Amino acid sequence: MNALPNFQYLRPATAADALRLRAANPTSQYIAGGTDLLPNLRRGLASPAAVIDLGAIAELTEIAEQGNALRIGSGVSLARIAAHPAVTARLPALAQAAASVAGPTHRAAATLGGNLCLDTRCSYYNQSEAWRAGNNYCMKRDGDGCRVAKKSKRCYAAFSGDVAPALIALNTEVEILGADGSRRQPLIELYRDDGMQWLTLAPGELVVAVTVPLDDAWRSAYEKVRVRGAIDFPLAGVAVALRREGGLLTGLRIALTGVSSQPLAIDGLNALLGKPLDAAALDAISEQADLANRSMKTTLVDVLYRRGVSLVLAKRLTQRLWDAVA
Amino acid sequence: MARRFRRLPADFVLPAGYVAPHIFEPASKYEMIPPGTVGRPANRCEGKGTIVKSILRLKVNGRSREDAVAENALLIDYLREGVGLTGTKQGCDGGECGACTVLVDGQPRLACSTLAHSVAGREVETVESLSHEGNISRLQRAFHEQLGAQCGFCTPGMIMAAEGLLRGNPAPDREQIRAALAGNLCRCTGYVKIVDAVAAAFRTGEAAQ
């Protein structure tokens, strides 16, 4: 019965207690659904002295409409998000993203916070101890140097969460609880472009909730490409939120996942606003998405395919949302 | 095609001094590397903590239990090794195959990606709970009759995932069955007969009512 490294199991009842326990155990880790962390622990990808289960914290499992925004606690399961009436009706990108994470049994356990803070993935990292030993490890765990980019000083493991790009396209704010109290920031600022330190959270900080604006003028959608349709991380995922007034495009946000160490918000789309969406605009979208794209050989599937397919998805979803309003 | 083997005559004897050719390389060719000398960090399996056992109270298949369980034990290891319920199968060990699916408070849950202590106070049901006094459940019978099981390794997980579905949705259509079983891998049946079996099971239930 010793599949996992030895650790102490802690189960606080409040977020404040969780923070205290985390501060008292410097090598501890938070665990929520465990669908990502436990397989990783089994492969020797971490060896915490304690895991702090957030599953008993009731305050993290609330979904509530606050004015014209929806506040979703980080402990809410992805299955609950995907089935929530306000999400399915008014935030389709979020519903589609939550419903496309792994399989039904995972989604019942996996939480919003877990998917937002999902460990970055790489075909040289998410492997058994024996496999990694045979390949002399990599810098993300036990080794030195990146196996994907040989001369690189940084890690290129890809961020593979599905929910983050959808929430970024929906202009979401994230609420973080730290030692100095709680703060709110745009979700995109939770991430940075480093496969090993992909979150800007300070040690011990906890993602408590997200606040998504409910604005019916915006239409949104999320789509991902994966190897195995039933359960898989995205090779590339694209979320689009679009606002159309008459024949004019008045708002457009596109976010990518799986193609960088952080979810990416596509820049340079403001130039397209105030005009109709024509072929030239779609080409510009494709060009901007290509510029932002940082696909590396972190999956068995070819980089060019992942890059290409993310551009196609960005154009296709934008066109579909544009046509749907008319 | 030339015959590659011929039958030896009944009076065949090996010539004196014959040494069989080494098909496998002798083990002495490989030197044993003491653990900890290569890049492998020492004490990986031990982690940084110590083994801590604490009391776990929960219900397994309707019976209340109280066991001293290591705090790092996975639910599947607790069920298979602690309780001795080996019906739940350990497949990929990474949450990719669904063979370890059990019900926690009636909801399908992957026992390989769940800590035993995280289901404290809850009710766990494994495939063993479905049969009563030697009679298999309608779902098990349907899997048997519709040939939903071949090698049978995925079957406990399939049945528990389907059981979870049928409790929440007594009359699912084929798409709903496929969606509910999407997380369960089968390498034998091609899934059609599994979906048939679940569909047949709920029809049996209708007939019984």
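In this numbering scheme, every chain counts its residues from 1 along its sequence in written order. Labels follow written order: the first chain is A, the first ligand is 1, and so on. Local features in this predicted model are restricted to residues of pLDDT 70 or higher, and side-chain atom pairs are both shown and tallied only at a pLDDT of 80 or more, whereas totals for entire chains, interfaces and linings draw on every residue. For side-chain calculations, the full set of non-hydrogen atoms in the structure is used, while hydrogens and water are omitted.

A.B. asks: Help me understand the interface of chain B and chain A, please; the structure alone is not making it clear to me.
C.D. replies: Interface size is commonly expressed as the accessible area that is lost once the parts come together. Only heavy atoms enter the contact rule, under which two residues are in contact if any of them lie within 4.5 Å. In this assembly, 39 residues from chain B lie in contact with 36 residues from chain A. In short, buried area is how much 1.4 Å probe accessible area vanishes from two parts on joining, totalled over both. Together, the buried faces of chain B and chain A total about 3,200 Å²; carbon and sulfur atoms form 54% of this surface. Definition used for salt bridges: Asp or Glu carboxyl oxygen within 4 Å of a side-chain nitrogen of Lys or Arg. Counting the contacts that link chain B with chain A gives two salt bridges. Put simply, Asp-93 of chain B and Arg-42 of chain A hold a salt bridge, and the shortest N to O gap is 3.1 Å. Contributions of two or more residues to the side of chain B that touches chain A are made by helix H1 (75-83), strand E4 (107-110) and helix H4 (174-180) of chain B. Ranked by residues supplied to the side of chain B that touches chain A, first place goes to H1 of chain B with four residues. Following the grouping adopted for this structure description, the nonpolar residues are Ala, Val, Leu, Ile, Met, Phe, Trp, Tyr, Cys and Pro, the charged ones are Asp, Glu, Lys and Arg, and the polar ones are all others, Gly among them. Counted by class, the side of chain B that touches chain A contains 15 nonpolar, 14 polar and ten charged residues. Helix and strand assignments come from DSSP, with helices taken as H or I runs of at least 4 residues and strands as E runs of at least 2, each series counted from the N terminus.

A.B. asks: Looking at this model, I keep getting lost on the sheet that holds E4 of chain B. Mind explaining?
C.D. replies: Strand pairing in a sheet relies on backbone hydrogen bonds. The paired strands run either parallel or antiparallel. Residue and element names in this part refer to chain B. Here, strands pair whenever DSSP counts at least two bridges between them. Judged by pairing direction, the sheet is mixed, and its five strands sit side by side in the order E2-E1-E5-E3-E4 without closing on themselves. A single partner strand is all that each edge strand has here, and the edge strands are strand E2 (63-70) and E4. Direction aside, neighbouring strands of the sheet carry axes that sit 45 degrees apart on average. In the sheet, strand E1 (residues 53-60) pairs with strand E5 (residues 123-125) via two bridges, with the strands oriented parallel. Counterpart to Val-60 in the pairing with E5 is Val-124. Axis definition: a line fitted to C-alpha atoms, over the contacting stretch in the case of helices. Angles run 0 to 180 degrees between N-to-C directions. Sheet strands touched by H1: E1, E2, strand E3 (101-104) and E5. Its angle to E2, the strand with the most contacts, is close to 105 degrees. Each of E3, E4 and E5 touches helix H3 (residues 155-168); the most contacted strand, E3, lies at about 35 degrees to it.

A.B. asks: Looking at this model, I keep getting lost on the nonpolar core. Mind explaining?
C.D. replies: Nonpolar side chains in soluble globular proteins generally cluster together in the buried interior. Within the largest apolar cluster, 47 residues are counted, with the highest numbers of intra-cluster contacts made by Ile-72, Ile-81, Leu-94, Leu-116 and Leu-167 of chain A. Element by element, the count of residues in this core is highest for helix H9 (residues 163-169) of chain A, at six residues. The set of buried Ala, Val, Leu, Ile, Met, Phe, Trp, Tyr and Cys residues whose side-chain atoms join them within 4.5 Å is what this entry labels a nonpolar core. For every residue, the accessible area obtained with a 1.4 Å probe (protein chains only) is divided by the maximum for its type, and the residue is called buried under 20%, exposed over 50%, and partly exposed between those limits. Listed in part, the 31 residues of the second largest apolar core include Leu-4 of chain A together with Leu-74, Ile-76 and Leu-115 of chain B.

A.B. asks: In this structure, what is going on with H1 of chain B? I would like to understand it.
C.D. replies: Since the α-helix advances by 3.6 residues per turn, residues separated by three or four positions end up pointing in the same direction. Every buried residue of H1 of chain B is accounted for by Leu-75, Ile-76, Asp-77, Tyr-78 and Leu-79 of chain B. For H1 of chain B, the elements touching its buried residues are helix H2 (37-42) of chain A together with E1, E2, E3 and E5 of chain B. Positive phi shows up at Gly-84 of chain B, right after H1 of chain B, with a value of about 85 degrees.

A.B. asks: It is not clear to me how the domain arrangement of chain B should be interpreted in this structure. Could you clarify?
C.D. replies: Residues and elements named next belong to chain B. Residue ranges assigned to the domains are those given by an automatic or database domain assignment. On domain assignment, one finds that chain B holds domain 1 (53-130) and domain 2 (138-208). Just the C-alpha atoms count here: the centres of domain 1 and domain 2 sit 21 Å apart. The junction of domain 1 with domain 2 conceals about 1,300 Å² of combined surface from both sides, 66% of it contributed by carbon and sulfur atoms. The largest contributions to the domain 1 side of the interface with domain 2 come from Leu-103, Val-127 and Leu-130, which together make up 37% of the buried area. Its salt-bridge partner being Arg-167, residue Glu-125 comes within 2.8 Å of it at the nearest N-O pair. Definition of a polar contact: a pair of N or O atoms within 3.5 Å, with one able to donate and the other able to accept a hydrogen when the atoms are protein atoms, and with sequence-neighbouring residues admitted only if both atoms are side-chain atoms. One can count three residue pairs in polar contact (both at pLDDT 80 or more) joining domain 1 with domain 2. Residues that form the side of domain 1 that touches domain 2 fall into these classes: seven nonpolar, seven polar and three charged.

A.B. asks: Looking at this structure, how should I read the pattern of salt bridges?
C.D. replies: Think of it this way: side chains of opposite charge can pair up when their charged atoms draw near. Counting across every chain of the model gives 26 salt bridges over all chains. Among the ionic pairs, Glu-66 of chain B bridges to Arg-57 of chain B, the shortest N-O distance being 3.2 Å. Classification of Glu-66 of chain B by relative accessible area gives exposed; the value is 54%. Within this structure, Glu-129, Arg-132, Arg-141 and Asp-142 of chain A form a network of salt bridges that share partners.

A.B. asks: Looking at this model, I keep getting lost on H3 of chain B. Mind explaining?
C.D. replies: Residue and element names in this part refer to chain B. Expected helix span is given by 1.5 Å per residue-to-residue step, counting one fewer step than there are residues. Over its 14 residues, H3 extends 20 Å from the first C-alpha to the last, a length consistent with the 20 Å expected when each residue adds 1.5 Å. The element H3 is largely enclosed, with a buried count of twelve among its 14 residues. Listed in full, the buried residues belonging to H3 are Thr-155, Pro-156, Gly-157, Met-158, Ile-159, Met-160, Ala-161, Ala-162, Glu-163, Gly-164, Leu-165 and Leu-166.

A.B. asks: Looking at this structure, I do not really get the pairing of strand E5 (residues 69-73) of chain A. What am I missing?
C.D. replies: Each regular strand displays side chains that alternate between the two surfaces of the sheet. Residues and elements named next belong to chain A. Within E5, five of the five residues are buried, which leaves the element mostly enclosed by the surrounding structure. Side chains of E5 alternate between two faces, with Ala-69, Arg-71 and Gly-73 and Leu-70 and Ile-72 buried alike. Examined bridge by bridge, strand E4 (residues 63-66) and E5 share four bridges and lie antiparallel to one another. Directly across from Ile-63, in E5, lies its bridge partner Ile-72. Between E4 and the antiparallel strand that follows it, E5, lie two residues; Gly-67 among them carries a positive phi value of about 65 degrees.

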